[in-house]
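Listed below, chain by chain, are the residues.
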Amino acid sequence: MFFKKHDTFIASDSTIPLLCQPSACNPKRQIITTVTTVRDENFKPISNFETMLHLLKGNIGTGLFAMPGAFQNAGLWTGSVLTIITACICTHCMHILVTSAAILQKRKGHEVSVSYADVAEIAFQTGSQQFVKHAKLARVLVSLFICVTQLGFCCVYVVFASTNLKQVVDYYAPHLQWDVRQFMCLVTIPLIFLNWLRDLKLLAPVSLLANILQSISIVIVFYYIARDGLPPMDSTPAFNNWIGVSLFFGTVVFSFEGIGLILPIQKDMRHPRDFEGWNGILNVAMILVTCLALAMGFYGYLKYGAEIQGSITLNLPQDEILARLVKVFMVLAIFGSYTMQFYVPIPILWPVLEKKIETFNKHPLVSELMFRTLLVLLTLSLAAAIPKIDLYISLVGAMTGSLLALIFPPILEIVTCWPDVSKMAIVKNFLIVIFGLTGFTSGTYASIKKILSPTT
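A. Representation of the overall build of the chain within the structure. When you go through the chain residue by residue, the secondary structure sums to 17 helices and four strands. At a minimum sequence separation of 6, the contacts of the chain that also span at least 24 residues come to 79%. For the chain, the exposed area adds up to about 21,100 Å²; of that, 67% sits on carbon and sulfur atoms.

So, in structure tokens, the structure goes:
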């Protein structure tokens, strides 16, 4: 049971304050939303430190190792400036999503929506009458692009793992001469069985191992970058060309595309109020992610220059055991990362298919396992079609990441607050959408053109 007092909804049960910040609907007034959440009796809220770790894990992955190649495409200083700009806009869009969710929660007056798709649907349902008829479409579009993005991540992981594994095997067995696609098939076999696990708790040890191995790999890569010093800064161009900038956009968005994790993580916090604000956990985490991506891209490109490959791990000396260990670590880490990313689209896609399959199949478990297997094989097929790490990352980032991270959030904020949207908010959101659409069209075009180029 709820009652209203000074624009704050107070629940008769346990309450959780969501945020305290200016609203886009009315910038002069702060929103202080206190809501009830439905939680399991055994639920244990996460601390601020654990929240920070989750945000870092969600935004640091294979895209980080592709940043030096992205800097090569854009130029050393152009890449540096655009990385900071894109990071700021992506972080602001994360704030937009959190703020919109809080406004919708206040409007609905019951349990918190914890998914991106929920926020999209409720924004249209409870907004101006002209938007109501598009509510279902909004949910479908967000869910669709979440699935496509997650499966795109999985394709990148297959290419990444196979390419690194090939370098290690080529060193120890140079006579084998396997094509990278054969290594993709080899990597896919354990992925099929790992993705038969239907309980997220069973994936926790795999995910933990992946995080540890990835962290060690990042440290070792920076060791190789710093070893023997760096060339002078004028050894690499400050600006490359506009096609390269378009390819850069897809990679950097891929690296910052963790917006789907924001609402679930905030919902599980012990102190959700600490998530927002200038010195909140979200800003601190994204600053750390940005600094790491900037350092990897800047110094990685400066170190290897024109010789930089799609993943900086491929530039490490093959005759050193430590460098080979990095590649093995990342291959093993990919198994954990793949299973976690693969877990996201299953509850979206499978219930839709289950309704049709269950009527003529007496074994729904077998059907689901077959579906999971086919989905893994689909990522294998798509990865084999484009076995280039940098181009695949740029394509996924530009085509799907830009929509989720840059285009949808400003639209949702306008729909949520309409017609009480300030002119400044409209202009700001319009500019963000234009930025996202420009990156989407130019990045997708440049990636596809490069993929289809006979010299690639």
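B. Just unusual backbone geometry, in detail. The omega torsion across Trp418 and Pro419 is 5°, close enough to zero to call that bond cis. Examined against the element boundaries, Pro419 turns out to sit in the loop between helix 16 (389–417) and helix 17 (423–452). Phi at Gln177 takes a positive value of approximately 55°, unusual for a residue other than glycine. For Gln177, the position within the fold is in the loop between helix 7 (135–172) and helix 8 (180–194). The backbone of Asp228 sits at a positive phi, close to 70°, despite the residue not being glycine. Positionally, Asp228 belongs in the loop between helix 9 (200–226) and helix 10 (242–256).

C. Inspection of the packing of helix 3 (residues 67–74) against helix 10 at higher detail. Following both chains from N to C, one finds helix 3 and helix 10 inclined at 155°, their axes separated by 7 Å at the closest point. As summarised for this structure, helix 3 and helix 10 are arranged roughly antiparallel, according to the angle between their axes. Handedness of the helix 3/helix 10 crossing: left-handed. Contacts from Met67, Ala70, Phe71, Asn73 and Ala74 of helix 3 reach helix 10 at Gly244, Val245, Leu247, Phe248, Thr251, Val252 and Ser255. Taken together, the residues of the contact of helix 3 with helix 10 break down into eight nonpolar, four polar and no charged.

D. Inspection of a nonpolar patch on the surface at higher detail. A surface patch of nonpolar side chains, amounting to about 570 Å² of accessible area, comprises Tyr171, Tyr172, Tyr223, Ile321, Leu322 and Leu325. For the nonpolar patch, the secondary-structure elements that each account for two or more residues are helix 7 and helix 13 (321–343). Here the nonpolar patch gets three residues from one element, more than from any other, and that element is helix 13. Judged by relative accessible area, Leu322 falls into the partly exposed class, the value being 31%.

E. Geometry of the pattern of salt bridges. Scanning all chains against the criterion turns up eleven salt bridges. A salt bridge links Glu121 to Arg139, with the shortest nitrogen-to-oxygen separation between them at 2.9 Å. Of the two residues, Glu121 sits in helix 5 (residues 116–126) while Arg139 sits in helix 7, which places them 18 residues apart along the sequence. Looking at Glu121, the relative accessible area reads 12%, which means it is buried.

F. The packing of helix 4 (residues 76–108) against helix 10, seen in detail. Packing of helix 4 against helix 10 brings their axes to within 10 Å, and their N-to-C directions diverge by 45°. Taken together, the axes of helix 4 and helix 10 are oblique relative to one another. For helix 4 against helix 10, the interelement crossing comes out right-handed. For the pair helix 4 and helix 10, the contacting residues are Thr78, Gly79, Leu82, Thr83, Thr86, Ala87, Cys90 and Met94 in the first and Val245, Phe248, Val252, Val253 and Phe256 in the second. Looking at the contact of helix 4 with helix 10 residue by residue, the classes come out as nine nonpolar, four polar and no charged.

What counts, and at which threshold
Residues numbered from 1 in each chain as written. Predicted model: local features only at pLDDT ≥ 70, side-chain atom pairs only at ≥ 80, totals over all residues. Heavy atoms only, no water. Helix = DSSP H or I, 4+ residues; strand = E, 2+ residues; numbered from the N terminus. Contact = heavy atoms within 4.5 Å. Areas by Shrake-Rupley, 256 points an atom, 1.4 Å probe, with all protein chains shown as cover. Axes fitted to C-alpha atoms, helices over the stretch in contact; angles between N-to-C directions. Parallel < 35°, antiparallel > 145°, perpendicular 65-115°, else oblique. Left-handed = near helix turned anticlockwise from the far one by under 90°. Nonpolar A, V, L, I, M, F, W, Y, C, P; charged D, E, K, R; others polar. Patch = residues over 30% accessible without salt bridge, like charges linked within 9 Å, V, L, I, M, F, W, Y side chains within 5 Å. Salt bridge = Lys/Arg side-chain N within 4 Å of Asp/Glu carboxyl O. Buried < 20%, exposed > 50% of the residue type's maximum accessible area, 1.4 Å probe, protein only.

Geometric values such as these leave the question of function open.
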